[in-house]
Amino acid sequence: MPDRRSVVLSLTTTSQRCYFTDQQRSKGDKCEVDKLEPFTDYVCQAQARYGGYEVGKPASVNVKTKSDKPDDVDTLSVSNPENNAIKVTCNHSRRFHGPGGKYIARLSLSGHLVTEKENTTSKCEFEFKDLSYLTAYEVEVAAVNRDYPIGTGKTKEVDTLDEDKVVIRILIFFTVAFLALGIFGIKKTRAQSDTNEEELFQSTAIYSNVPDLDAVMKKHW
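Residues numbered from 1 in each chain as written. Predicted model: local features only at pLDDT ≥ 70, side-chain atom pairs only at ≥ 80, totals over all residues. Heavy atoms only, no water.

## Let's talk about the overall build of the protein chain
Argument step 1. Counting its secondary structure elements, the protein chain contains two helices and 12 strands.
Argument step 2. Beginning at the N terminus, the succession of helices and strands in the protein chain can be written as β-β-β-β-β-β-β-β-β-β-β-β-α-α.
Argument step 3. For the protein chain, the residues scored as buried account for 22% of the 221 residues in total.
Argument step 4. Intrachain contacts of the protein chain at a sequence separation of at least 6 include 54% that bridge at least 24 residues. (Helix = DSSP H or I, 4+ residues; strand = E, 2+ residues; numbered from the N terminus. Buried < 20%, exposed > 50% of the residue type's maximum accessible area, 1.4 Å probe, protein only. Contact = heavy atoms within 4.5 Å.)

## Description of the pairing of strand β6 (residues 76-79)
Argument step 1. Across four bridges, β6 lies against strand β7 (residues 86-90) in antiparallel orientation. The residue bridging Leu-76 from the neighbouring strand is Cys-90, located in β7. (Pairing = 2+ DSSP bridges.)

## Examining the nonpolar core
One recurring pattern in soluble globular proteins: nonpolar side chains tend to sit buried together.
Argument step 1. Counting 18 residues, the largest nonpolar core has Phe-128 and Val-141 as its most contacted members.
Argument step 2. Non-local contacts of Phe-128, meaning those with residues more than four positions away in its chain, are made with Asn-84, Ala-85, Ile-86, Val-88, Ala-105, Leu-107, Thr-115, Lys-117 and Val-139.
Argument step 3. Of all hydrophobic cores here, the second largest spans seven residues; its members include Leu-9, Cys-31, Leu-36 and Cys-44. (Core = buried A, V, L, I, M, F, W, Y, C linked by side-chain atoms within 4.5 Å.)

## Examining the pattern of salt bridges
Argument step 1. For the structure on display, the rule yields four salt bridges.
Argument step 2. Two residues, Arg-5 and Asp-68, come together in a salt bridge whose shortest N-O distance is 3.8 Å. Taken together, the residues span a long stretch of sequence, with Arg-5 in the segment before β1 (7-10) and Asp-68 in the loop between β5 (53-64) and β6 at a distance of 63 residues.
Argument step 3. The partner of Glu-116 in a salt bridge is Arg-106, and the shortest N-O contact between them spans 3.1 Å. Linking Glu-116 in strand β9 (residues 112-119) with Arg-106 in strand β8 (residues 102-109), this pair joins segments that are 10 residues apart in sequence.
Argument step 4. According to the relative accessible area criterion, Arg-106 is partly exposed, its value standing at 21%. (Salt bridge = Lys/Arg side-chain N within 4 Å of Asp/Glu carboxyl O.)

## Quick look at the state of the cysteines
Argument step 1. One pass over the structure, following the stated rule, counts one disulfide.
Argument step 2. Sulfur-sulfur distance for the disulfide between Cys-90 and Cys-124 comes to 1.7 Å. Note on the Cys-90 and Cys-124 pair: the S-S dihedral is about 115 degrees, so by sign convention the disulfide is right-handed. With Cys-90 in strand β7 and Cys-124 in the loop between β9 and β10 (125-128), this pair connects stretches of sequence that are 34 residues apart. We note that Cys-90, like Cys-124, is buried. (Disulfide = S-S within 2.5 Å.)

## Observations regarding the side chain of Thr-135
Argument step 1. For Thr-135, the position within the fold is in the loop between β10 and β11 (136-144).
Argument step 2. The exposure class of Thr-135 is buried, given its relative accessible area of 14%.

## Quick word on the packing of aromatic side chains
Argument step 1. Overall, the coordinates contain one aromatic pair when judged by the stated rule.
Argument step 2. One residue, Lys-64, lies across the ring of Phe-39, its end atom 4.0 Å from the ring centre.
Argument step 3. Between Lys-117 and the ring centre of Phe-128, over which it is positioned, the NZ or CZ distance is 5.0 Å. (Phe/Tyr/Trp six-rings, centres within 6.5 Å; stacked < 30°, edge-to-face > 60°. Lys NZ or Arg CZ within 6 Å of the ring centre and 35° of its normal.)

## Let's talk about the sheet that holds β10
Argument step 1. Taking strand neighbours across the sheet as the criterion, the three strands line up as β6-β7-β10 in an open arrangement whose pairing is antiparallel. Edge positions in the open sheet fall to β6 and β10, since each of these has one partner strand only. When strand polarity is set aside, the average angle formed by the axes of neighbouring strands in this sheet is 15 degrees. (Axes fitted to C-alpha atoms, helices over the stretch in contact; angles between N-to-C directions.)

## A look at the environment of Phe-126
Argument step 1. Mapping Phe-126 onto the fold places it in strand β10.
Argument step 2. When the C-alpha positions of Phe-126 and Val-78 are compared, they lie 9.6 Å apart, and in sequence the two are 48 residues distant.
Argument step 3. Ignoring anything within four residues of it in the chain, the contact list for Phe-126 reads Ile-86, Lys-87, Val-88, Tyr-103, Ile-104, Ala-105, Lys-117, Glu-118, Asn-119 and Val-141.

Given below as structure tokens:
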């Protein structure tokens, strides 16, 4: 039985003594040509021979093998173009073996699909942006076609990085807080010093205004 990598030729002739005698698998008026590429156009020829000599013109027919699953993705490479972004590239033979060949990339988090992207170009390349910081994701890339929309994907884990702005904001916050506490401490010290000086001044003023008791006694007596 023919598969997606073979074709079967049928011989139509007016002679009952004409049959296939090539190196392929043949039986009577049928011949199977195998080890072909799926979803590929071929031109098959049959030449009549008699007594070791070619007789007449060769007969030819255009055939196309059936579609099949695309070749699997070989390897994945991941990188972080930004701290909350993931870039994925893959190696692939570019043999999709069917109509509508394309690449599909799926980004998952803890087993749940986050997003899915398609790429119909010849480059197996994807980029996921605006992701969570410091998070472990899993990316899967597969080659598919319209007849085989679910391919065998290649998976790899990749982490996003820390947010630089967060670190900077924390440093700024602690710096401002430290300066604020320092300024508050200086103001409090100055205020306490001013209060002590004012109390001392008031005490001196009260003491200096105490009347002379001897003078008072002499005046009244």
